[in-house]
Amino acid sequence: MKTTTHTPLRRHAALAVLVALLTVPALGQELNYTAFINRVMEHNPAYAAAKLDLSMSQADLSVAKKFTDPTLSAEYGNNSDWDIAMGTSFSFGLDKTISFGKRSARIAVARHNLDASEAGLQLFVATLRAEATLAFIDALLARDLTVIGQQNAQNMESLYRSDSLRHAKGELSEIDVLQTRLEANIARQEYLAQQVEYRNALVELDRLMGDPSRSTAAVEGSLNAPMRLYSLDSLLRYADSLRPDIVQQRHLALASESELTQVRRERMPDIDLALGVNYNTRVRNEEAPAPEFIGYTVGVSIPLPFSNLNRGDIRSGQYKARQAHLECDIIRQQAQAEIITAYNNYRSAVSRLADFNSVILHNARQVLDGKMYAYRRGETSLLEVINAQHTYNELQQAYVECLHSCMTARVELERCAGTARFGL
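Residue numbering note: each chain is counted from 1, following its sequence as written. The model is predicted, so local features are restricted to residues of pLDDT at least 70 and side-chain atom pairs to those at 80 or more, both for listing and for counting; the totals for chains, interfaces and linings are taken over all residues. Hydrogens and water are ignored here; the side-chain numbers use all heavy atoms of the structure.

Chemist: How should I be thinking about helix α4 (residues 102–168) in this particular structure?
Modeler: The α-helix winds at 3.6 residues per turn, so residues separated by three or four positions along the chain end up facing the same way. Counted at 1.5 Å a residue, the expected span for α4 with its 67 residues is 99 Å, and the 97 Å between its end C-alpha atoms agrees. Elements are defined by DSSP. Helices are runs of H or I of four residues or more, strands are runs of E of two residues or more, and each kind is numbered from the N terminus. A positive phi of about 85° marks Gly-170, the residue just after α4. To estimate how far a helix should reach, multiply one less than its number of residues by 1.5 Å.

Chemist: What is the right way to look at the confidence of the model for the protein chain in this model?
Modeler: Low pLDDT marks stretches whose predicted atomic positions should not be read closely. Within a predicted model, pLDDT stands for the predictor's per-residue confidence, ranging from 0 to 100. Per-residue pLDDT for the protein chain has a mean of 84; in total, 89% of the residues score no lower than 70. Within the protein chain, helix α8 (residues 312–354) carries the highest mean pLDDT (93), whereas helix α1 (residues 2–23) carries the lowest (40).

Chemist: Help me out: how do you make sense of the packing of aromatic side chains in this one?
Modeler: How two aromatic rings sit relative to each other is set out by the distance from centre to centre and by the angle between their planes. In summary, the pairing rule links any two rings of Phe, Tyr or Trp, Trp by its six-membered ring, whose centres are within 6.5 Å, and it sorts them by plane angle into stacked for under 30 degrees, edge-to-face for over 60 and tilted for everything else. For the coordinates displayed, the defined rule picks out 6 aromatic pairs. With 5.5 Å between their ring centres and 70° between their planes, Tyr-33 and Phe-136 make a pair best called edge-to-face. Of this pair, Tyr-33 sits in helix α2 (residues 33–43) while Phe-136 is found in helix α4, placing the two residues 103 residues apart along the sequence. The same class applies to Tyr-33 and to Phe-136, which are both buried. The structure contains a cluster of three or more aromatic residues connected by ring pairs, namely Tyr-33, Phe-36 and Phe-136. In this structure, Lys-51 is placed above the aromatic ring of Tyr-47, and the distance from its NZ or CZ to the ring centre is 4.7 Å. Whether a residue is buried, partly exposed or exposed follows from its accessible area with a 1.4 Å probe, protein chains only, as a fraction of its type maximum: under 20%, in between, or over 50%, in that order. Charges are assigned to positions over rings by a cutoff of 6 Å between ring centre and Lys NZ or Arg CZ, combined with an angular limit of 35 degrees from the ring normal.

Chemist: Please explain the nonpolar core as it appears in this structure.
Modeler: Soluble, globular proteins show a tendency: their nonpolar side chains are buried together. Residues Phe-36, Val-40, Leu-205, Val-219, Leu-223 and Leu-413 are the most contacted members of the largest nonpolar core, which totals 56 residues. Counting residues per element, the ones that place at least two in this core are α2, α3 (45–64), α4, α5 (174–208), β4 (216–219), α6 (232–242), α8 and α10 (382–417). Counting residues per element, this core draws most heavily on α4, at 17 residues. In what follows, a contact means two residues having at least one pair of non-hydrogen atoms within 4.5 Å. Among all residues touching Phe-36, those that are not within four sequence positions of it are Leu-31, Ala-132, Phe-136, Leu-205, Leu-208 and Met-209. The criterion is simple. A nonpolar core is a set of buried Ala, Val, Leu, Ile, Met, Phe, Trp, Tyr and Cys residues joined through side-chain atoms within 4.5 Å. Ala-184, Ile-386, Ala-388 and Tyr-392 belong to the second largest nonpolar core, which has 18 residues in total.

Written out as C-alpha cells, the structure reads:
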C-alpha cells in the first residue's frame, strides 16, 4: 500500500516540474501588432529589394530624357612641300542629328513604366502587409490554442492526481486511474505540439521582420477585432479603380501603346545637320598665289528609309499593345471573382461566429464542473467527465478558430479589394 501511494506522488512531482518548465516563456521580447507591422515595413529584405525596382524605373526615365550629343570636328591641312609655299588650312565642323518625336516617345514609355513600377510597389506593400497581418493572426490563434491546451493538460493532470489519491485510499479502481493517466498523457502531448506550433508562428513573425533570430517570446492582442460591414458593389468599384495590380496593368498597357508610338517614330529618318568653318592662309606661290580667306559650309544629310517597307516591328508592337489590354481585362475579371469569393467567405465566417456566444462556453464549463464534482463524489463515471472535458475543449478551440477565420477572411477581402485597411 505504501508503494502504491508514493509512486504516483513522485510521478506527480515530475509532471509538475515538466509542466512548469513548459510554461516558462523563452527569452525574448513580447510583440504587439503595431510594432510588428512597423518593423516589417522597415526591415523586411524583400520590401527593400522591391523598392529598387522603382529606383531603376526612375533612372530609366532620366536616361530617356537625354538629348543626342553634337559632334565637333577639327582638321588641319598642309601640302607638306614648304619650298613652293602653298599655305595651310584649318577647318572646324559641328554635326548634329535631328530626331523628330523620338525623345518624347522614349520619355512616354519610361514614364508609364515608372507609373507601373509605383503601382507594383503598392501591390507588393499591400501583399506584404496582408501576409504579415495573417501571420500575426495565426500567431494569436496558436497562442490561444496553446493556452487552451495548457488548461486542458492541467485539468487532466489535476484529475489524475486526485484519482491516484482516491486509488491509494481504495476508493477507485486501478483501471480508472490508468484511464485518467492516459488522458493526462494525451492532453500533455497535445499541449506540447501546440507549443511547437506557437513557437514556429513566432519564428515566422521574426522572419517577416527580417531577423529570424530575434526570438520573439509572445504576441500581444486578441482575436476579437470588431467585424466590419462591406458593400460588394463598393468593393468592386474601388478595386476596378484603385486595386494596385489593375492599376499596374493599365500603366503597362499604356506603356505598350507608347512603345508602338516609339517604334513608328524610330522608323522616321533622322536628319544630320553640319556646319563648318574653313580658314586658309595666304598662298605665296608665284605660279598660283591666293589671298587669305575664311569659308563656310552648311550640309544636310537625309537617309532614304527603304527598310521601312518591312513593317514587322509595327505589327509586333500592335500585337503587344492588344495583348496588354487583354491582360488588363483578364486581371479585372480575376479581381472581381476574387472579391466575390472573399466576400462570400467573410459573410460565412461572420455567420458561423454568430452561432457562438459566451453563454454556450459558460454552459459547457458548468457541465464540466458539475461532472467533475459528481465524479469526485462517486455519482458519475469517468467516461462522462472525459466527454465533458473534450466537449469543453472542442468548443473553446472552435470559438477561437472561428474568430481566426473571421479575421483572416476580413484581411483577405480587403487585400482582394485593394482597400489597404489591414489592422487588428
